[in-house]
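Architecture at a glance
Read off the chains here:
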Amino acid sequence: TVKLLGQQWGRAEGVAVEGEVAYAVIGPRLVALDVTDPTAPVLLGQSDILPGLAAAVVVDSGVAYVAAASVIVALDVTDPTSMTVLSQVDMGPSVTQLALAGDTLIAGLSVPASAPPGFQPGGISTLDVSTPGQLRLLDHAPLPWPVYALAADENMVYAAHPTTTDFYALDISDPADLPDAVAVPGIGLTYSLSLAGDVLVAGGGVSDFHAWDVSDPLQPQPLWEVQAPPDAASGLGVVEGFVLAGERALLAAVDYNGNVIGVLPVALPAALPADAPDDATSSRLVVADGRAFFARGDLTVYDVAGAPAEPLGRYESVSYTHLTLPTKRIV
């Protein structure tokens with residue numbers, strides 16, 4: 001019999017910011033950090049061990065929704081020093097992405113390879129979160145691949161996977177009665193998505209951005225594409241998250257070995273509406289009060305007032321790849 005005695009550390013995989021508190025998913029926990037002084041984030045508290053490694057978090061009005069393996073957990077974070085679980089629901093497949101649109105939580109799913117024959121590899125599910133203490137699954141739409149990137153508003157969801165050139169669009173205007181998802185033209189090597197009004201933007205695998213007019217949601221029309229200059233040390237990279245801000249975007253880039261390049265400002269060919277302050281789509285990158293928070297292994301805070309963005313501080317998390325057990329020998 002193996003009994004869990006405790007747990008510490010892990011990799012930071014996502015972040016959300018509310019006021020002067022950053023909420024990062026690190027290992028199987030939600031961690032709350034005081035970022036009043038961005039040069040030295042201070043641990044305020046952490047959740048109990050969640051049902052699995054956490055991959056995504058969105059926070060709204062004192063409630064955090066965390067994707068922990070196959071389980072979505074709603075936590076009361078009004079007191080970040082003492083977070084409590086309000087409710088949880090097991091989705092079956094792993095939850096890879098989360099987005100919040102009003103009282104609807106959208107989950108992007110990845111079905112394990114060990115699933116029985118006939119299961120689709122991915123999907124999008126909707127949940128009613130009008131009462132956070134009673135999460136309720138509403139409906140599910142299957143997809144032919146796991147969801148890697150997700151963008152949503154109250155009417156539409158777009159999902160992507162880097163190995164395919166099509167996106168899938170799903171009408172969620174009635175979240176309790178989802179239609180079939182529809183394949184629409186996209187682009188391969190898509191690692192992140194965002195909606196800005198009627199513009200869908202994708203972050204790619206060669207430090208690039210692509211934009212489409214989606215005023216007709218099922219007929220995206222290409223608008224423009226742009227590529228960030230190569231990093232002097234790492235060259236081009238993968239856009240794992242980005243924030244749109246008028247005539248520029250801030251992209252979170254890693255190199256092809258998974259090493260962090262940083263937060264890079266990129267001029268856009270046309271101005272776009274900035275993401276709403278209460279935008280609640282799970283991401284590795286969040287911008288608040290002129291600071292960027294990039295969760296990738298560690299949580300790093302950047303000053304984005306100038307160009308390039310400069311690191312201000314870091315909350316370091318420890319990852320282990322090897323384990324040594326003490327031995328007892330009986331002779």
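Above this text you will find the structure in question.
Residues numbered from 1 in each chain as written. Predicted model: local features only at pLDDT ≥ 70, side-chain atom pairs only at ≥ 80, totals over all residues. Heavy atoms only, no water.

**Quick look at the sheet that holds strand β11 (residues 122-128)**
One open sheet accounts for four strands, arranged β9-β10-β11-β12; its pairing is antiparallel. Two strands lie at the open edges of the sheet, namely β9 (94-101) and β12 (136-143), each paired on one side alone. In this sheet, neighbouring strand axes are inclined to one another by 20 degrees on average, regardless of whether the strands run parallel or antiparallel. Examined bridge by bridge, β11 and β12 share seven bridges and lie antiparallel to one another. Bridge pairing in β12 links I124 to A141. (Pairing = 2+ DSSP bridges. Helix = DSSP H or I, 4+ residues; strand = E, 2+ residues; numbered from the N terminus. Axes fitted to C-alpha atoms, helices over the stretch in contact; angles between N-to-C directions.)

**Let's talk about the sheet that holds strand β3 (residues 29-34)**
With antiparallel pairing, the four strands of this open sheet are ordered in space as β1-β2-β3-β4. Among the strands making up the open sheet, the edge pair consists of β1 (12-18) and β4 (42-46). Across the sheet, the mean angle from the axis of one strand to that of its neighbour is 30 degrees, orientation sign disregarded. Here strand β2 (residues 21-26) pairs with β3 via six bridges, running antiparallel. Across the sheet, I26 pairs through a bridge with R29, a residue of β3.

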